[in-house]
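# Architecture and fold: a report
Residues per chain are reported as follows:
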Amino acid sequence: MPLSRAALVVLLLCLASRLLSAIYYVEDPDSLRFALSIVDYDVSRLQPHFPAYPVFCWLVKGISLVTGRFAPAFAIMGGLSTWVTILCVVAISREKLTDPKGLLIAGLVFLNPMIWLLGNRYMPDLAGLACLLGAFVFLTQGHRPVWGAFLSGLLAGIRLSYLPFAIVPWGFALWSHSGDRLRILGASLGGVFVWAIPLIWITGFPELIEAARNQSAGHFLEFGGSIATEPHLVSRLSKLVEAVVADGFGLYWTDRHFSTAIATSAICLCVGPVLVPVWRKLVEDPIFRLHLASWTVYLLWIYFGQNVVHKSRHAMPLLPLIVLTLAQAVFIDTRAKDLRRIAFILFVLAHGYVTFHLVNQHTSPSAISQVKDYLQSRSSPNLHIVTVPLVEFYLSSQEVKGTYITIEDPSDVADIAQVPTGAEVFTIGSPHSFPMRPLKSQKTFFHNPYVNRMWPEIGVYEY
């Protein structure tokens, strides 16, 4: 079926906007692993880390062969993913893209700050959302559940952690299409085989199993931010709400710009008075109920199993249902409808300002990237850098030359005493005591935490 003119216009807008806001620096260690995977895909060296994200990495690699650089390749992938996400959310609402409500939904997705920022990051999250929503649409409506099953299998090779969201629609398709159950199961396996067989061939089966074992144990029990390593339930809930409200929709949170308060006040005025009738109307739709059930399953999964305390991007699959609720609230026919629509226009203006401001800030280097530039400018044979292993990986992978002393526990501080007398010594993150070596200078590098939650403030200490 040929694409409509409106869909093509949206495609061009998505590609152009994401290319214009592309970033040409590596903003954090997670992004670094994906950037390295485009140059040299090697799961055994954590390029990227397991679950390897092969479909995403291979697609970006293919685009980079055309563009010649991986930064625009990631942006193009982000633009395509944004476009697919828009079409899928409109399809879930069962509106036409050219209808007023369809255009409103498209605009809300297009301007969403989290979706835009992740469309430019060197990460697979937005591509995973596009694949997930495509699978949801095919599994729950129309007559193509086999395609939805195939995309569900493919999703495991793009963003495995999104798979719990697909459980409910996948089960619904099996139940409602009894004559196609074998085809649905076969298509699901086919989607997995598309990426799993080449991945095993490239990596080696024993090596892949070892990477899976180490990374799974580390994620859930050591460093992954699950409830086992971040057990404070109230903090997890607070950060999850912040991820949706502040990061997801650019609304007010403590110490944010006043424009976020304007956006929050306006959307509350628009939606608050009609929230109950809106939800009564929405839950009459069986597709919306399936979406809500999937939303609930995924919400529980990330609350207990993902790093919601430090990484807000895990909340992104929660956003489309809220977008659908906002769109329904704008168009519901009640008294004071005109006043609520004026409030919504005010929200869009403030919301757009917040998004464009964040996107513009995103084009400037993150705090850790600024540290990298600073240390490169001070590079010399006598440079000694004292830091944690993750920072050492980030800096050394980008050719910051020097002698690294990694501090993982208090006993490692003893290595500092072995630094030669004439060396230039920098510690990153926190100061350390050096015998006979006073602190010469201290610099602090910043970025907006609502652009990227990872290390928004980093201190560098020279001795």
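Cut-off values and rules
Residues numbered from 1 in each chain as written. Predicted model: local features only at pLDDT ≥ 70, side-chain atom pairs only at ≥ 80, totals over all residues. Heavy atoms only, no water. Helix = DSSP H or I, 4+ residues; strand = E, 2+ residues; numbered from the N terminus. Rg over C-alpha atoms; globule rule 2.2 N^0.38 Å. Buried < 20%, exposed > 50% of the residue type's maximum accessible area, 1.4 Å probe, protein only. Contact = heavy atoms within 4.5 Å. Areas by Shrake-Rupley, 256 points an atom, 1.4 Å probe, with all protein chains shown as cover. Lys, Arg positive; Asp, Glu negative; His and termini not counted. Charge placed at Lys NZ, Arg CZ, Asp CG, Glu CD. Polar contact = N/O pair within 3.5 Å; in protein donor to acceptor, adjacent residues only side chain to side chain. Expected span 1.5 Å × (residues − 1). Arc of directions from axis to C-beta. Salt bridge = Lys/Arg side-chain N within 4 Å of Asp/Glu carboxyl O. pLDDT = per-residue confidence, 0-100. Core = buried A, V, L, I, M, F, W, Y, C linked by side-chain atoms within 4.5 Å. Axes fitted to C-alpha atoms, helices over the stretch in contact; angles between N-to-C directions. Parallel < 35°, antiparallel > 145°, perpendicular 65-115°, else oblique. Left-handed = near helix turned anticlockwise from the far one by under 90°. Nonpolar A, V, L, I, M, F, W, Y, C, P; charged D, E, K, R; others polar.

## Observations concerning the overall build of the protein chain
Along the protein chain, the regular secondary structure elements total 19 helices and five strands. For 463 residues, the compact-globule estimate of 2.2 N^0.38 gives 23 Å, and the protein chain sits close to it at 24 Å. Out of the 463 residues in the protein chain, the part that is buried amounts to 54%. Partitioning the intrachain contacts of the protein chain with sequence separation of at least 6 by distance along the chain shows that 69% fall at a separation of at least 24. Put simply, the protein chain shows about 21,000 Å² of open surface, and 66% of that area lies on carbon and sulfur atoms. Charge centroids of the protein chain, computed over 34 positive and 30 negative side chains, lie 10 Å from each other.

## Points about the side chain of N112
Tracing the backbone through its elements, the reader meets N112 in the loop between helix 5 (100-111) and helix 6 (113-120). Note on N112: relative accessible area 1%, which makes it buried. Among the polar contacts made by the side chain of N112, one reaches the main-chain carbonyl oxygen of G248 at a distance of 2.7 Å. With near-sequence residues (within four places) excluded, N112 lies in contact with G248, F249, L319, H351 and T355.

## Considerations on helix 13 (residues 258-271)
With 14 residues, helix 13 ought to run about 20 Å at 1.5 Å a step, and its terminal C-alpha atoms sit 20 Å apart, in line with that. Within helix 13, burial applies to S259, T260, A263, A266, I267, C270 and V271. Each buried residue of helix 13 lies within a common arc of 130 degrees when the element is viewed along its axis, so the set occupies one face.

## Quick notes on the pattern of salt bridges
The full count for this structure, using the stated rule, is 18 salt bridges. One network of salt bridges, with partners in common, ties together D30, D125, R159, K311 and R313.

## Thoughts on unusual backbone geometry
Of note, the amide linkage connecting Q47 to P48 takes the cis form, showing an omega dihedral of 0 degrees. Position of P48 relative to the elements: it lies in the loop between helix 2 (29-39) and helix 3 (54-67). Its identity is not glycine, yet D255 carries a phi of approximately 70 degrees, on the positive side. At W455, a position not held by glycine, the phi torsion is positive, near 50 degrees. Checked against the element boundaries, W455 lands in the loop between strand 4 (441-446) and strand 5 (457-462).

## Some thoughts on the confidence of the model for the protein chain
Low pLDDT marks regions whose predicted coordinates should not be analysed in detail. On average, residues of the protein chain score 93 in pLDDT, and 98% of them reach the 70 mark or higher. Considering each helix and strand of the protein chain separately, the mean pLDDT is smallest for helix 11 (residues 205-221), with a value of 87, and largest for helix 6, with 98.

## A look at the nonpolar core
Core analysis: the largest hydrophobic core is formed by 137 residues, its most contacted members being F56, I86, M316, L375 and L395. Here this core takes 11 residues from helix 4 (residues 70-93), the largest share from any one element. Apart from residues lying up to four places away in sequence, L395 is in contact with K372, L375, I385, V400, Y404 and I428. Grouped together as the second largest cluster of nonpolar side chains are 10 residues, I405, A423, F434 and Y463 included.

## Let's talk about helix 9 (residues 167-176)
Among the residues making up helix 9, those that are buried are P169, A173 and L174. Projected onto a plane normal to the axis of helix 9, the buried residues spread over an arc of 140 degrees and lie on a single side. Facing away from the buried side of helix 9 by over 90 degrees, the exposed positions are I167 and W175. In the core, the buried residues of helix 9 are packed alongside helix 7 (125-140), helix 8 (145-155), helix 10 (181-203) and helix 15 (286-305).

## Remarks on the packing of helix 7 against helix 9
Contact geometry for helix 7 and helix 9: axes closest at 9 Å, N-to-C directions at 25 degrees. One way to sum up the angle between helix 7 and helix 9 is to call them roughly parallel. Seen along the crossing, helix 7 lies across helix 9 with a hand that is left-handed. Packed against helix 7, whose contacting residues are F136, L139 and T140, the element helix 9 presents P169, W170, F172 and A173 at the interface. Here the contact of helix 7 with helix 9 is built from residues that sort into six nonpolar, one polar and no charged.

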